[in-house]
Amino acid sequence: MMDKFQYNVGEETSKKALKKAQKAAEKAAKKAEFKSQKASQNETAETEGKEDEDCALGLYGTIPIIRSEEKKPVTHVELKKLSKSLANQTVTIRARMHTSRGKGKQCFFVLRGGDETVQCVLAVGAKVSKQMIKFVCNISKESIVDVEGKVVIAGQKVEGCTMQDVELHVNQVFVVSAATPRLPLQIEDAMRRETEDDDESLNIKVNQDTRLDNRVLDLRTPTNHAIFRLEGGVCELFRSSLRNQGFVEIMTPKLISAASEGGANVFGMKYFDRKAFLAQSPQLYKQMAIAADFEKVYTIGPVFRAENSNTHRHLCEFVGLDMEMTFTHHYHEVLYTIGNMFTQIFQGLRDNYAEEIAIVNKQFPAEPFKFLDPPLVLTFKEGVQMLAEAGVEMEETEDLSTPNEKFLGRLVKAKFDTDFYILDKFPLAVRPFYTMPDPHDNRWSNSYDMFMRGEEILSGAQRIHDADFLTERAKVHAIDLETIQSYIDAFKYGCPPHAGGGIGLERVTMLYLGLDNIRKSSMFPRDPKRITP
C-alpha cells in the first residue's frame, strides 16, 4: 500500500516538472524571438536612417540677403558667355529661374539671363540628394539663383533654349532672391508670338493693361530688351550724326512760364506764388540758342502734351529729339540735313541692330523698314494730287487727316518703294504762328513733315526770325502777346535765319519696328488714363 502511494506521488512530481520545464522553454523561446525582432527593427531603422541622410547638405539652400558685408572676387560667368569653348569646365552663373520640372530622380530647369536661356540638369548621385532635387523643383519661377555646374556639350539640340549646343550639369544651387510663387503674368505667355487667332493653338495672350500694370515683369522678355536697346540706338545715332556735323547738345528747361506751343494742351501747376507749365517743346530755347550764335543745336529730353488722345500713337509724355540750325539762303539746307540724318539713323539701325530687329520680329512680325538715299521729298500739293488720283477728295489747302495720312503712306510705298518720305510746303493756315510763310504764295508755308510707314514722326519749318514780323503773325492767330513776349524779345537783337524740327523717339522706334502701339516702345508710358507705375 505504502509502495503504491510512493509510486503515484513520484509520477505526479515528474509530470509537474515536465510542465514547468516546457513553460520555461516556451518563455525562453519567446524572449529570444522578441530580442531577435527588436534587433531586426533596430537594424532596419539604422539602415533607413542612413538612407535619409542628406548627402547634399551645404550644396543648396537660400543664402542671406546680400547687404555688401564683405568684398569678394567676382568669379561668376555671364550666362551669355556659355559656349562649347567652356566644355567640361565648372562655372558659376547668376540668373533667373525661368522654368523647372521634376522627372523621377532628376530635375530639368532653364536659367534665363537677359535674352539668353540655357538648360540645366540635376540628377541624384553621390553629391546630389532627393532632398536637393525636391528643393530645386520647388524654387518659384523668376527667382534669382546662383548655380554651379559643369558645362557639357549637349547630345542633341536643346529645343526651347537659345543655347542649343551646351547644357549645365549642376552640383550647387542657391536662391539669392526668391520671387513670389504666384505671378500676375507668366513670362512664357508674355513672350508668345502675336499672330492672328489660330484654332489649333492655345492662343494665350497677355493683354496690354496687364502688361503695363506689371511692367517690371513684362520688361523681362527678350523682345522688350531688344526694343529698348534699339531705342537707345536711335538716340545714339541721332547724337552722333548731328555731332559729326558740328551740332552742340544743349539742355533746356522743362518748367516754363507760358505755354510753349500756345493753346490749351498744356499741363499747368503752381510755381511758388505764380503759375507755371510743363514744356510742350524746347522750341523757344532752341531758337534763343540760335539767336545767341550757337548756329547748330540739338537736345534730347521729355516733352509734355496735355492732349486727351487715347490712340495707338499718342502719349502725354514722350522723349523729344529736337534740333535747330541756321541756314544761308534757303530752308531746304536744313530740310536735307534732317533728311540725311534720318538716312544715317536707318542705316545704323539696319547694320548694328539686326539681332534686336530679328528678336522683335519673332514676336511681332513686320515687314522690313525701307528707305531711299537720298530720301524722297514731295510737296504737299503732290501728296494731295496722289490722294485725288486714288479717289480721295479733299481741299488743296486742307490739312491731312490721320486716315488720309496713312493712305498716302501706302500710296508712296507702292509707287516709290519707301517707308520714309518728306512732305514739304504745308498750307500756312494749319501751321503755328511762328512758321515762315512761303514768299511767293501766302497760302503755303516754308514747313515740312516727315513720315515713317505713313505716320508723321517730325514736324518742322523755317521759323520767323524777325520780332516785328513775329508780332504780326501772332496777332493774326489771335495770340495774347503778353504770354509770348519773352519769345518775341529773343529776336530783337538780330537773329540769323534758321529752321529745325522735333521728333518723337518712341514713335520712331514703334514705326521702324512695325509695332502696333506706342506703349510698346515707351518703358513706362504716360497717357490720359495711365500715370503708374
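Along each chain, numbering runs from 1 in the same order as the chain's sequence is written. Given that the model is predicted, a residue must reach a pLDDT of at least 70 before its local features are reported, and side-chain atom pairs must reach 80 or more before they are shown or counted; all residues, however, enter totals for whole chains, interfaces and linings. Excluding hydrogens and water, the side-chain figures rest on all heavy atoms present in the structure.

Take the overall build of the protein chain next. Elements are defined by DSSP. Helices are runs of H or I of four residues or more, strands are runs of E of two residues or more, and each kind is numbered from the N terminus. A count of helical and extended segments in the protein chain gives 14 helices and 17 strands. Both definitions apply: the radius of gyration is a C-alpha atom measure, and the globule rule equals 2.2 Å times residues to the power 0.38. Here the protein chain has a C-alpha radius of gyration of 39 Å; the compact-globule value for 533 residues is 24 Å, and the former is much larger. Dimensions of the protein chain, computed from C-alpha atoms along their principal axes, come out at roughly 170 × 60 × 45 Å. Per-residue accessibility, obtained with a 1.4 Å probe over protein chains only, is compared with the maximum for each type, and a residue is labelled buried under 20%, exposed over 50%, and partly exposed between these values. The burial tally for the protein chain puts 44% of its 533 residues in the buried class.

Glancing now at the nonpolar core. Soluble globular proteins tend to pack their nonpolar side chains together in the buried interior. Residues enter a nonpolar core if they are buried and are Ala, Val, Leu, Ile, Met, Phe, Trp, Tyr or Cys, with the set joined through side-chain atoms within 4.5 Å. Phe238, Phe342, Phe420 and Tyr448 are the most contacted members of the largest nonpolar core, which totals 53 residues. Counting residues in hydrophobic clusters, the runner-up holds 30 residues, among them Val147, Val151, Val166 and Val175.

Two strands qualify as a pair provided that DSSP identifies no fewer than 2 bridges between them. With respect to topology, three strands assemble into an open sheet ordered β8-β10-β9, the strand pairing being antiparallel. Here the strands that pair on one side only, and so sit at the sheet edges, are β8 (255-256) and β9 (268-271). Of the pairings in the sheet, the one linking β9 to strand β10 (residues 274-278) comprises four bridges and is antiparallel in character. Opposite Tyr271, over in β10, you have Arg274 as the bridge partner.

Working rule for helices: expected span equals 1.5 Å times residues minus one. Between its terminal C-alpha atoms helix α11 (residues 402-416) stretches 21 Å, which fits the 21 Å expected from 15 residues at 1.5 Å a residue. All buried positions along α11 are accounted for by Asn404, Glu405, Leu408, Gly409, Leu411 and Val412. All buried residues of α11 fall inside an arc of 165° around its axis, so they share one side. α11 presents Pro403, Arg410 and Ala414 as exposed residues on the side facing more than 90 degrees away from its buried surface. Contacts are residue-level and defined by heavy atoms, with any inter-residue pair within 4.5 Å sufficient. If you follow the buried residues of α11, they end up packed against β13 (376-379), α10 (380-389), β14 (420-424), β15 (447-452) and β16 (455-462). Taken from the residues just after α11, Asp417 is the one with a positive phi, measuring 55°. Read the arc as the range of directions from the helix axis to the C-beta atoms.

Turning to the sheet that holds β13, a few remarks are in order. As summarised here, the arrangement of the eight strands in space is β7-β11-β12-β17-β16-β15-β14-β13, forming an open sheet in which the pairing is mixed. A single partner strand is all that each edge strand has here, and the edge strands are β7 (248-249) and β13. Here strand β11 (residues 296-304) pairs with strand β12 (residues 317-326) via nine bridges, running antiparallel. The residue of β12 that forms the bridge with Val297 is Glu324.

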